[in-house]
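So you can see what is in the structure, the chains are spelled out below.
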Amino acid sequence: MLNSALISRNLSRLLRRGPGDLASQAIERRELCPIEDVERPPAIYPAGALDKVSSLSPWRDWDTERGLIEGTPLRHAATEALVIPQVTLAGAYLYRGQAKERIGIGPARMLDPDLPTSVLIPEAHLVSTWTGADFFGNFMQDSLALELIPEQGVHRVGAPTKPYLHEAGYRALLNLPTPPKPRHARIGRLVMYRDFSQNSFKRARYDELRARLRVAAGGGAAAPGIFLRRGSAHGSPRRLVNEEDIAETLAALGFDIIDPEQMDAASIARRALDAPVVVAVEGSHLGHAIYTLAADGALLVIQPPDRFAMPYKEVTDCLGMRFAFVVGSPAEGGFTADPNEIRQMLERLT
């Protein structure tokens, strides 16, 4: 089918008609959480760890990382609801005038054989994010928390995401049905949410989802901690070459070794619930820990030296938890972590 919204948007850009972003076209704005100034604790890490970092994740910058490492004060932007009239949803994109915003996964094509006939939706609340569409960890923290904002009974719309192995299981545990994904619609009034801040409003929704998971999962971790294997299903390769050595070291300390790719969401949640410490390589599989980590728990993240990133400290800061890291050393085929260094960090966390 012809993607007329994309053609119209390109023509509008050529003629420079209207603003180029959707947010500036809002006819109503409602503040859901005001700007907040917060204090943050510093990260916990061994001496010399930062000297091992050769580069950051392509999604991160040093100003952000230094603030997280040092625990400098932070100003959270407000969370807002924006009402935008006459928006077209086509595949993974929203269009209005020359504005185009990605909210899902998939290409924007003028001739799109996967695009169905457009439907008319008088009003809808958007509960998808492009980050959640691309990365499982962001799906867990961004998209699922976003779905708690609209009131009961309103019409919600989502967009295509990657086929996450554990999405259906977590939706069942958290009582969050998959939102309708019309793929092609003309929406009279679209309510969008600017919800990227890890503020008190986000904390309240994390707490709600953590409470739901606790009721649904049952059980609880008897082990002193868990080790989450990264596996191969999540994003860019981050191969911990000596993963078996690390797993054996942690198992000797009583840790439960969890391989999410070999388990369903309910089994992961049952074994991980109330874990006091979660050890894992940095990456989206840490999303399994967001709603299961003990209230006073800690993440110990093994950082690849060439892909350093601290997004999960943003979550632990929001939840009042602790965050520690070690940085690996380059090795053929990936990187290695020092088992003794990990043991020392665990001693600092207990």
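Refer to the preceding data block for the structure.
Residues numbered from 1 in each chain as written. Predicted model: local features only at pLDDT ≥ 70, side-chain atom pairs only at ≥ 80, totals over all residues. Heavy atoms only, no water.

1. Regarding the side chain of Glu36
Summarising the element assignment, Glu36 is placed in strand β2 (residues 36-38). No salt bridge is formed by the buried Glu36; its nearest oppositely charged neighbour, Arg205, is found at 9.8 Å. (Helix = DSSP H or I, 4+ residues; strand = E, 2+ residues; numbered from the N terminus. Buried < 20%, exposed > 50% of the residue type's maximum accessible area, 1.4 Å probe, protein only. Lys, Arg positive; Asp, Glu negative; His and termini not counted. Salt bridge = Lys/Arg side-chain N within 4 Å of Asp/Glu carboxyl O.)

2. Brief notes about the packing of helix α4 (residues 136-146) against helix α6 (residues 200-217)
When two helices pack together, their arrangement is given by the angle between the helix axes and by the axis-to-axis distance. Between α4 and α6, the least distance of the axes is 10 Å, while the angle of their chain directions is 95°. With respect to each other, α4 and α6 are oriented roughly perpendicular. Facing α4, whose interface residues are Gln141, Asp142, Leu144, Ala145 and Leu146, α6 presents Lys202, Arg205, Tyr206 and Leu209. Tallied by class, the residues present in the contact of α4 with α6 amount to five nonpolar, one polar and three charged. (Axes fitted to C-alpha atoms, helices over the stretch in contact; angles between N-to-C directions. Parallel < 35°, antiparallel > 145°, perpendicular 65-115°, else oblique. Contact = heavy atoms within 4.5 Å. Nonpolar A, V, L, I, M, F, W, Y, C, P; charged D, E, K, R; others polar.)

3. Observations concerning the sheet that holds strand β11 (residues 256-258)
Pairing in this open sheet of five strands is parallel, and the strands run β11-β10-β12-β13-β14 from one edge to the other. Either end of the sheet is taken by a strand with one partner, and the two such strands are β11 and β14 (322-327). On average, each strand axis in the sheet is inclined to that of its neighbour by 20°, with strand direction left out of account. Bridge analysis of strand β13 (residues 293-303) against β14 gives six bridges, and the strand direction is parallel. Note on β14: the bridge partner recorded for Leu299 is Phe323. Packed on one face of the sheet, helix α10 (residues 339-349) meets β12 (275-281), β13 and β14 and runs near 165° to β14. (Pairing = 2+ DSSP bridges.)

4. Let's talk about the packing of aromatic side chains
In total, this model carries ten aromatic pairs according to the counting rule given. Between Tyr45 and Phe325 the ring centres are 4.9 Å apart and the planes differ by 10°, which places this aromatic pair in the stacked class. Pair noted here: Tyr45 is in the loop between β2 and α2 (62-70) and Phe325 is in strand β14, with a separation of 280 residues, a long-range link. With centroids separated by 6.3 Å and ring planes inclined at 35°, the aromatic side chains of Tyr93 and Tyr95 adopt a geometry described as tilted. Each of the two residues, Tyr93 as well as Tyr95, counts as buried. Through a chain of ring-to-ring contacts, three or more aromatic side chains come together here, namely Tyr45, Trp62, Phe308 and Phe325. (Phe/Tyr/Trp six-rings, centres within 6.5 Å; stacked < 30°, edge-to-face > 60°.)

5. Brief notes about the environment of Gln152
Position of Gln152 among the secondary structure elements: in the loop between α4 and β8 (156-157). Separated by 131 residues in sequence, Gln152 and Asp21 place their C-alpha atoms 29 Å apart.

6. As for the pairing of β13
Burial within β13 is extensive, with nine of its eleven residues counted as buried. With six bridges joining them, β12 and β13 adopt parallel strand pairing. Looking across to β13, one finds that Ala275 is bridged to Leu293. Once the chain exits β13 it traverses helix α9 (residues 311-319) before rejoining the sheet at β14, and the crossover so formed is right-handed. (Right-handed = clockwise from strand over helix to strand, strands pointing away.)

7. Quick word on the pairing of strand β6 (residues 99-102)
Direction of pairing for strand β5 (residues 93-96) relative to β6: antiparallel, over a ladder of four bridges. Within β6, the residue paired with Tyr93 across the bridge is Arg102. Hairpin connection from β5 to β6: two residues lie between these consecutive antiparallel strands, with Gly97 at a positive phi of about 60°.

8. Describing the pattern of salt bridges
A pair can form between side chains of opposite charge whenever their charged atoms are brought close. Tallying each qualifying case throughout the model produces 21 salt bridges. Salt-bridge contacts for Lys52 lead to Glu341; the nearest nitrogen and oxygen are separated by 3.6 Å. Taken together, the positions of Lys52 in the loop between β2 and α2 and Glu341 in helix α10 put the pair 289 residues apart, joining distant regions of the chain. With relative accessibility at 31%, the residue Lys52 sits in the partly exposed group.

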